[in-house]
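Overview (structure and organization)
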Amino acid sequence: MFKLELDGERPIFQQIADGLEDAVLSGALGEGAQLPSITELSVQYTINPATALKGINLLVDQGVAYKKRGVGMFVAEGARAALQKKRQGEFARRYVRALAAEARRLGLGRERLLEMVAREYDRDSD
Amino acid sequence: MAIQTDKICKSFGNVQALKGVSVSFEENKIYGLLGRNGAGKSTLLNVLANRMFADSGSFTVDGEPGGENDRAQSKLFLMSEQTLHPEGMRVGKAFQWTQAFYPSFDQGYALRLAGEFQLDTHTKMSGLSTGYRSIFKLILGLSVNVPYVLLDEPVLGLDANHRELFYRRLLEKYAENPFTVVLSTHLIEEVADLIEDVVIIKAGTVIRQESRESLLSQGYTVSGGAGAVEAYIQGRQVLGVDALGGLRTAYVLGEADKTAQSAKDLEFGAMDLQKLFIQLTNS
Amino acid sequence: MKIKPSLRYQLYDQRTAVLVYYGVMVAMILLNLLFLPFAGDSDLRVTSGGITAVTAVFVFVVALCSFKESFLLELQHGVSRRCQFLSHLAAMGVSCAVMAVADEIYTLFIALLSFPFPNSVFSYSLYEMLYASDLTEAGGSVSYTIHTSGSTVLFSVVFSFFVLLAISAFGYLITTFNYRLHKWGKIIFWAGWPVMLIALGTLLDHYPAQVASMKAWLLQACSTLLGSLPLCCLTCLALAAVFSGLSWLLMRRAQMK
């Protein structure tokens, strides 16, 4: 089961969907793997089953998950690649913008910021 | 299929507890019946469970009159703050009697839950603490298997572990075989994610009945420096403002206007049910 | 309607008390019998006369205690007041019948004991004492004879049943009435009626003649209404019906407290 801390900032179904996407991206849920059921999600996070269903449906709408009748929900073939592509599109808005804003607030110059980013990127790839 | 009330009024002496309450609890949904202490939540539930009579107004259960009607009443079960079992009755015996009155009651499940909650079935009602009285009645509510289960302050006196256990068992039961749950509580934070629809009652009047999502989507929070927030909320419908030093958080109805000139340097967030509730019911 | 479980519960509610009551009654007689062999020629006697009179008091007390708890428990279990009341009538009928039979069995059981102690143990039912007895006056001495036969056994049961029914219905009326009273109503009512009785007593003292004639009239009415077994049964039934009807009027709007 993936770990998920619900916060009050965004709608819960969104957080459920994001959490499952993260699990697919990290490989914790491989392609073809079964997703947790609505009941499991609902009980685990004490949320309304309708909310859990809505989160799962977000994945279905994107083609990340599909339903096997009477069995459950599964991660689709090519889900990871599709998610990477989607997240890449969101990357600038979700992360870089906040990064740049914080750098500006702290008075870090453009060059300095790029340098730091480059260093971090290289370190993690070691 | 629903419990539907029509302009229910109820007074105690010169206190008007319910002032024309019209709500409906539809099948297979989890409702939050939210209100401050004394708002009329318990009175409404007591009327629905035929324990009290409305002064005027009426209600139906699946289309038929609900008061003094055995068939309608056998479809619902109210777990109330008061314990209506004789003080000398033992828990196990009480389970047997619930079974006699409600053939759908699952005694095996009730005993299993009693084990999980460490409720000794040999204890008499008089020997149960507040928390264990709640647990005893919760077990009845979870095991009775009727279409409408009304829970009045269900977690009164329960510790965090037992509350969590209760919410989980409730959701399991619901997922396995959906039924209508009405959770009446003033502990909104705990049930906020659990409920699908919200009924907010204030001083005997229903002020909101809608899905939690649509209620929350009607507003947002905006926070930042006092000057910036005050500039932004000019001319907008504001439910209330929290102040923390020079910082302000405003609860605003409508769509967030992040492109507004005054929105610069402000942070926007989702409305939180508890905050919204407090703002709506502060008088 | 949930008549069946409701009836079962109301009978269950009384069961223990009834068993304890008969247990105590039997134990008391047995205790008395223990002393008989040691009594020698003395005048010690064991007499059981009209246990139903005692049972009537017991039934009254049980009825007084049979409303609130079962009313609330049955409300918890979705039983309408109407259904509760109908079950109550049935439960009252069943328990009065059981006790009428039990009283007679008790009476006969002790009569059986009179075989080993022919001159020391006597046992009569209330019916036999009231309706199957002769009061004869011969030569200045009054003799009181009771006739026991097969038919008096049957009549005793019938008589006890109707008497207990009326008493039980009366007890239930009082307890439903008391439940409906508010706190202050209770205080005023229960403190008020002894005061009223005393006041009435002093008032009546001023009209001795009228009181005497009223007493005579009441006695006359009673002896007419209770004069024979059928009349007595009818009167008891009518009283039970009136008490129960009033109880229903009080109960149909009763709310949880």
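Keep in mind that what you see is a predicted model, and the values were worked out from it rather than measured.

Considering the overall build of chain B
- Check the secondary structure of chain B and you find 10 helices and 15 strands.
- Along the three orthogonal principal directions, the C-alpha set of chain B runs to about 70 × 40 × 35 Å.
- When the 283 residues of chain B are sorted by exposure, 42% land in the buried category.
- Counting contacts in chain B only where the partners sit at least 6 residues apart, residues at least 24 apart contribute 69% of the total.

Overview of the overall build of chain A
- Along its length, chain A carries 5 helices and 2 strands.
- Walking chain A from its N terminus toward its C terminus, one meets helices and strands in the order α-α-α-β-β-α-α.
- For chain A, the C-alpha radius of gyration of 18 Å lies well beyond 14 Å, the compact-globule estimate for 126 residues.
- C-alpha extents for chain A along the principal axes are approximately 55 × 30 × 25 Å.
- Burial analysis of chain A (126 residues in total) assigns 24% to the buried set.
- Looking at chain A alone, contacts between residues at least 24 apart form 54% of all its contacts between residues at least 6 apart.

Focus on the interface of chain C and chain B
- Counting from both sides, the interface comprises 20 residues of chain C and, opposite them, 19 residues of chain B.
- No other element matches helix H3 (residues 68-76) of chain C, which puts 5 residues into the side of chain C that touches chain B.

Some details on the interface of chain A and chain B
- At the junction of the two partners, chain A supplies 15 residues and chain B supplies 14 residues.
- Sorting the residues of the side of chain A that touches chain B by element identifies helix H2 (38-44) and helix H3 (49-61) of chain A as the ones contributing at least two each.
- Per-element accounting of the side of chain A that touches chain B gives the leading share, 4 residues, to H2(A).
- Split by residue class, the side of chain A that touches chain B holds 7 nonpolar, 6 polar and 2 charged.

Let's talk about the domain arrangement of chain B
- If you check the domain split of chain B, you get domain 1 (2-211) and domain 2 (218-281).
- Listed per partner, the contact involves 9 residues of domain 1 of chain B and 5 residues of domain 2 of chain B.

With respect to the nonpolar core
- Ile139(B), Leu150(B), Leu164(C) and Leu165(C) are the most contacted members of the largest nonpolar core, which totals 146 residues.
- If one sorts the elements of this core by residue count, helix H6 (residues 150-180) of chain C sits on top with 13 residues.
- Apart from residues lying up to four places away in sequence, Ile139(B) is in contact with Ala110(B), Leu113(B), Ala114(B) and Leu119(B).

A word on the sheet that holds strand S8 (residues 148-152) of chain B
All names here are of chain B.
- The strand order across the open sheet formed by 6 strands is S7-S8-S9-S4-S10-S11, and the pairing between neighbours is mixed. Unpaired on one side and paired on the other, strand S7 (76-79) and strand S11 (205-211) mark the two borders of the sheet. The mean inter-strand angle of the sheet, taken between neighbouring strand axes irrespective of direction, is 15 degrees.
- As judged from the 5 bridges shared by strand S4 (residues 30-34) and strand S9 (residues 180-185), these two strands associate in the parallel manner. Residue pairing in the sheet places Gly-32 in a bridge with Leu-183 of S9.
- Contacts from helix H1 (residues 41-48) reach S4, S7, S8, S9 and strand S10 (197-202), with the element oriented near 145 degrees to S8.

Examining the arrangement of the chains
- Inter-chain contacts occur across 2 pairs of chains; the most extensive set of contacts lies between chains B and C.
- Separated without contact, chain A and chain C have their nearest C-alpha atoms at a distance of 28 Å.

Thoughts on the sheet that holds strand S14 (residues 247-253) of chain B
Residue and element names in this part refer to chain B.
- Strand order in the open sheet made by the 4 strands is S13-S14-S12-S15, with antiparallel pairing throughout. The open sheet has two edge strands, strand S13 (238-244) and strand S15 (267-270), and neither has a second partner. Sheet twist, expressed as the average angle between the axes of neighbouring strands with direction ignored, equals 20 degrees.
- As judged from the 7 bridges shared by strand S12 (residues 219-225) and S14, these two strands associate in the antiparallel manner. Across the sheet, residue Gly-224 finds its bridge partner in S14, namely Arg-248.
- Across the sheet, helix H9 (residues 226-233) touches S12, S13 and S14, and the angle it forms with S12 is around 145 degrees.

With respect to the pairing of S9(B)
Residue and element names in this part refer to chain B.
- Among the 6 residues of S9, 6 are classified as buried, and the element is accordingly described as predominantly covered.
- Because side chains alternate across S9, one face comprises the buried residues Thr-180, Val-182 and Ser-184, and the other comprises Val-181, Leu-183 and Thr-185, equally buried.
- Strand direction decides the pairing type here: S8 and S9, joined by 5 bridges, are parallel. The partner of Asp-152 across the bridge, within S9, is Ser-184.

Section: the confidence of the model for chain B
- Confidence in the prediction for chain B averages 93 pLDDT; 100% of positions are at 70 or higher.
- In the predicted complex, the global pTM is 0.88; the interface-specific ipTM is 0.91.

Thoughts on the environment of Val60(A)
Residues and elements named next belong to chain A.
- Topologically, Val-60 is positioned in helix H3.
- For the pair Val-60 and Ala-17, spaced 43 residues apart in the sequence, the C-alpha separation amounts to 9.9 Å.
- When neighbours within four sequence positions are excluded, Val-60 is seen to be in contact with Ala-65, Tyr-66 and Lys-67.

Regarding the packing of helix H1 (residues 3-35) of chain C against helix H4 (residues 81-113) of chain C
All names here are of chain C.
- It is the contact of H1 with H4, at a shortest axis distance of 9 Å, that shows an interaxial angle of 20 degrees. If you check the angle between H1 and H4, you find them roughly parallel. As H1 runs across H4, the sense of the crossing is right-handed.

Digging into the packing of helix H1 (residues 12-26) of chain A against helix H4 (residues 79-106) of chain A
Residue and element names in this part refer to chain A.
- Remark: H1 packs on H4, axes separated minimally by 9 Å, with the N-to-C direction vectors making an angle of 115 degrees. For the crossing formed where H1 meets H4, the hand is left-handed. Here H1 contributes Glu-21, Val-24 and Leu-25 to the contact with H4, which in turn contributes Ala-79, Arg-80, Leu-83, Gln-84 and Arg-87.
- For the contact of H1 with H4, a count of residues per class yields 4 nonpolar, 1 polar and 3 charged.

Focus on the environment of His206(C)
- Its location among the elements puts His206(C) in the loop between helix H7 (183-205) and helix H8 (208-225).
- Along the primary structure His206(C) and Leu219(C) are separated by 13 residues, whereas in three dimensions their C-alpha atoms are 21 Å apart.

So, the pairing of S10(B)
Residues and elements named next belong to chain B.
- Taking burial as the measure, the 6 residues of S10 include 5 buried ones, the bulk of the element.
- In terms of strand pairing, S4 meets S10 through 4 bridges, oriented parallel. Counterpart to Gly-32 in the pairing with S10 is Val-198.
- In this sheet, S11 lies alongside S10 in antiparallel orientation, the contact comprising 6 bridges. Along S11, the bridge assignment pairs Asp-197 with Ser-211.
- With antiparallel pairing between neighbouring strands as the criterion, S10 and S11 make up a hairpin whose turn holds 2 residues, including Ala-203 at a positive phi of roughly 45 degrees.

About the cut-offs
- By convention here, each chain's residues receive numbers from 1 onward along its written sequence.
- Whichever chain is written first becomes A and whichever ligand is written first becomes 1, with later ones labelled in order.
- Restriction of local features to residues with pLDDT of at least 70 applies here, the model being predicted, together with a cutoff of 80 or more for giving and counting side-chain atom pairs; totals for whole chains, interfaces and linings are based on all residues.
- Only DSSP runs of H or I with at least four residues qualify as helices, and only runs of E with at least two residues qualify as strands; both kinds are numbered from the N terminus onward.
- Using C-beta atoms placed from the backbone, we call a residue buried if 20 or more other C-beta atoms fall within 10 Å of its own, exposed if 12 or fewer do, and partly exposed for counts in between.
- Whether two residues are in contact is decided by their C-beta atoms, placed from the backbone, lying within 7 Å.
- Both definitions apply: the radius of gyration is a C-alpha atom measure, and the globule rule equals 2.2 Å times residues to the power 0.38.
- Basically, the charged four are Asp, Glu, Lys and Arg, the nonpolar ten are Ala, Val, Leu, Ile, Met, Phe, Trp, Tyr, Cys and Pro, and anything else, Gly included, counts as polar.
- All domain edges in this entry derive from an automatic or database-based domain assignment.
- Note on terminology: a nonpolar core is any set of buried Ala, Val, Leu, Ile, Met, Phe, Trp, Tyr and Cys residues joined through C-beta atoms within 7 Å.
- One requirement defines pairing of two strands: DSSP has to find at least two bridges between them.
- Between N-to-C directions, angles cover 0 to 180 degrees, with each direction set by a line fitted to C-alpha atoms, over the stretch in contact for helices.
- By definition, pLDDT measures how confident the predictor is in each residue, and it falls between 0 and 100.
- Roughly parallel here means an angle under 35 degrees, roughly antiparallel means over 145, roughly perpendicular means 65 to 115, and every remaining angle is called oblique.
- By convention, the crossing between two helices is left-handed when the near helix turns anticlockwise from the far helix through less than a right angle, and right-handed when the turn is clockwise.

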